[in-house]
Structure formats: structure tokens, C-alpha cells
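Below are the chains, spelled out letter by letter.
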Amino acid sequence: MSRLVDTKIGTYNLVKDGNTSRWLFKCPSCGEMLPLSEAHMQGVEPIDHESRVNPARLCKFQGTREFVPDLLSVIQSRILCGYPPSRPESMPEMMSAYI
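Everything numeric here is computed off the predicted structure, so don't read it as measured data.

Undergrad: Even after reading the chapter, I still don't get the nonpolar core, so can you show me in this structure?
TA: Nonpolar side chains tend toward joint burial in soluble globular proteins. Of all hydrophobic cores here, the largest spans 15 residues; its most connected members are Tyr-12, Leu-36, Phe-61 and Phe-67. If you tally residues by element for this core, the top one is helix α2 (residues 67-80), at four residues. Leave out the neighbours within four places in its chain, and Phe-61 touches Ile-9, Phe-25, Cys-27, Pro-28, Ser-29, Ile-47, His-49 and Phe-67.

As C-alpha cells, this is what we get:
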């Protein structure tokens, strides 16, 4: 099962497999789905990765970012406004504000 959360930085994907769940992040520059560890989420470890557009080069979206405040603020605001905190993968982004 997969649930998406759209924020100003990008799109997060919560993937559940049995009893484990993991956050993936869709790079806004190259579109690669990147696994986020706790260190990435806290902004301790850089999210450097190769570009899908120009292989063997680092993507423009790199360095450290604090993903937790971005993700939590969107989830909390959606709940406070009466919307589900995430949308199913099959639902387009523009429709997610209306459910």
C-alpha cells in the first residue's frame, strides 16, 4: 500500500510492506524516488544522488534539508482542515484537496 503527501519541497510516498513502512521522496529535479532514512529526514545526512537526466552527474537537488517539519506541517494542516493527511497513489495531486 502506498500513500502520497504533496508539499512545497516535493512529494513524499509512504510505502507499507507488511509491518514495516518507509518514506520515499520524489526528487523535484530529476523525478527519482529516493528512500529517506532518519538521518535524511532530520537534515543530518545529505540527499546527494545521481541525476536520471544526466547519468554520472549529481542531481541539482542535493545537500541537506529538514524534511520532517515540511512533512508534518502539511499532514497536520490537512487534518485540521478536515482532509485526509495523504492521498492514494491513484489519485491525481490536484484532486487531493477536494476529498
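Past the structure itself, the notes keep going.
Undergrad: What should I look at first to understand the pattern of salt bridges in this one?
TA: Between side chains of opposite charge, a pair can form as their charged atoms come close. Evaluation of the coordinates by the stated rule reveals one salt bridge. As a salt-bridge pair, Asp-6 and Arg-87 come within 2.7 Å of each other at their nearest N and O atoms. Of this pair, Asp-6 sits in strand β1 (residues 2-6) while Arg-87 is found in strand β5 (residues 87-88), placing the two residues 81 residues apart along the sequence. Take Asp-6 and Arg-87: they sit in the same class, and that class is buried.

Undergrad: Where do I start with the environment of Pro-35 in this structure?
TA: Among the structural elements, Pro-35 can be located in strand β4 (residues 33-35). Along the chain, Pro-35 and Trp-23 lie twelve residues apart, while their C-alpha atoms are 6.3 Å from each other. The residues touching Pro-35, leaving out its near neighbours within four places in the chain, are Arg-22, Trp-23, Leu-24 and His-40.

Undergrad: I'm lost on the sheet that holds strand β2 (residues 11-17) in this one. Help?
TA: Overall, antiparallel pairing links the five strands, which are arranged β4-β3-β2-β1-β5 in an open sheet. Each edge of the open sheet is held by one strand with a lone partner, namely β4 and β5.

Rules and cut-offs
- Residues numbered from 1 in each chain as written.
- Predicted model: local features only at pLDDT ≥ 70, side-chain atom pairs only at ≥ 80, totals over all residues.
- Heavy atoms only, no water.
- Core = buried A, V, L, I, M, F, W, Y, C linked by side-chain atoms within 4.5 Å.
- Buried < 20%, exposed > 50% of the residue type's maximum accessible area, 1.4 Å probe, protein only.
- Helix = DSSP H or I, 4+ residues; strand = E, 2+ residues; numbered from the N terminus.
- Contact = heavy atoms within 4.5 Å.
- Salt bridge = Lys/Arg side-chain N within 4 Å of Asp/Glu carboxyl O.
- Pairing = 2+ DSSP bridges.

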